[in-house]
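Below are the chains, spelled out letter by letter.
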Amino acid sequence: MNEACEWTMIPYKRHRKGKHKNGKKPALPCYADCDSVKAYDCTYVYKLVTNLLATKFCQTVIEKMSEAIKFQRQTNQHFRFEEVICYGLGRPTTNTVSAVQLALLKILCSFILKFPKGSQADWTTIKDEIEKDIIASKDNSTSKTKCLLFDPAFSKVDKTLIEDLGFVVMETNELAKRPSQKSLFYMIHCDKWLYNNLLWKNWSSHGIKNCVIVGNSFQTMYEGVPTRIFKEQFKYLYLIVEHSCLREFTLPVWQENDAVFNDTAIIVFNPKSLAKLDFNGTWDSICPVYEDEFL
Ligand SMILES: C[S@@+](CC[C@H](N)C(=O)[O-])C[C@H]1O[C@@H](n2cnc3c(N)ncnc32)[C@H](O)[C@@H]1O
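Comments concerning the sheet that holds strand β7 (residues 264-269)
In space, the seven strands of this open sheet follow the order β3-β2-β1-β4-β5-β7-β6, with mixed pairing throughout. The open sheet is flanked by β3 (168-169) and β6 (246-250), the only strands paired with a single partner. Relative to strand β4 (residues 183-187), strand β1 (residues 83-87) runs parallel, the two sharing four bridges. Its bridge partner lying in β4, I85 is registered against F185.

Concerning the packing of helix α6 (residues 192-201) against helix α10 (residues 235-242)
Where α6 contacts α10, the axes come no closer than 7 Å and their chain directions differ by 75 degrees. By the angle between their axes, α6 is roughly perpendicular relative to α10. On α10, the residues touching K192, Y195, N196, L199 and W200 of α6 are K235, Y236, L237 and I240. Each residue belonging to the contact of α6 with α10 can be placed in one class, and the counts come to six nonpolar, one polar and two charged.

A short note on unusual backbone geometry
In this structure, L175 takes a positive phi of about 50 degrees despite not being glycine. Along the polypeptide, L175 turns up in the loop between β3 and β4. We note that K182 has phi near 50 degrees; this positive angle belongs to a residue other than glycine. Mapped onto the elements, K182 comes out in the loop between β3 and β4.

Re the packing of helix α2 (residues 56-75) against helix α4 (residues 123-137)
At a minimum axis separation of 11 Å, α2 and α4 run at an interaxial angle of 90 degrees. When the axes of α2 and α4 are compared, the pair comes out roughly perpendicular. Contacts from C58, Q59 and I62 in α2 reach W123, I126 and I130 in α4. By residue class, the composition of the contact of α2 with α4 is five nonpolar, one polar and no charged.

Calculation criteria
Residues numbered from 1 in each chain as written. Predicted model: local features only at pLDDT ≥ 70, side-chain atom pairs only at ≥ 80, totals over all residues. Heavy atoms only, no water. Pairing = 2+ DSSP bridges. Helix = DSSP H or I, 4+ residues; strand = E, 2+ residues; numbered from the N terminus. Axes fitted to C-alpha atoms, helices over the stretch in contact; angles between N-to-C directions. Parallel < 35°, antiparallel > 145°, perpendicular 65-115°, else oblique. Contact = heavy atoms within 4.5 Å. Nonpolar A, V, L, I, M, F, W, Y, C, P; charged D, E, K, R; others polar.

What follows is the structure in structure tokens.
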């Protein structure tokens, strides 16, 4: 590792108001901004994976993911994820928040590969399996969850780090208009228009029920914007919440640094409520356009 990029403590930046528990800075190792030199190391992300796996937070995330998978399988007993798509990660080589989110992505990919039907096994057993899979995935010979990432902010160094972790960097900016193939969309703190585009692209009962999203609570978005504006600008998000078509498995705030995971939920769609939505009557063939202030 280049000396310029030894692990260093960076000042804790807070996105949200409020004090850290005990008033302490989180003890996370971070990269200094080292984009100008080709210096990064997957061991940094693997260390974050190890740190995360040791937390109650991670155990809860996996329990919630198990519940979400079971929910999906109630109406489609053969449901299993075929790909994981990550939009809007940010820059993991320069941003601790993105790096920790990348570490959780790695854990989730291992979990769904090892436990495609979810699991009620005890946490120690699940954790061991995830750890084994992550160790095995360092050797390219093992099968992996197909996981693709896109963020227009990725630098060359970010892309290399992501690929070294066994993921694929997408070349195309899909603007989140991707038809779901039983996809898990990992979209932590993405802008509302990206979620709205995703719903627009999958606007049918079949399409929507094949999407599972780890992202910001739609319910909170709905409550945070005046209804008229939300309805005009984010029609598909509005319709999903207004018709109670979703079920959100709320994740805890990550106490080490509440900028990383807050207001995060695993979002699945309720087939019974979806059946009541008039998909044909509400779909516009033209992709949504947004006012500048919402982009
Ligand atoms: C609010 S930031 C979230 C970053 C990080 N996940 C976090 O929680 O701090 C939104 C991210 O979405 C990215 N973004 C913008 N347009 C995008 C697109 N078309 N596809 C994927 N990501 C996009 C931005 O570059 C930015 O990194």
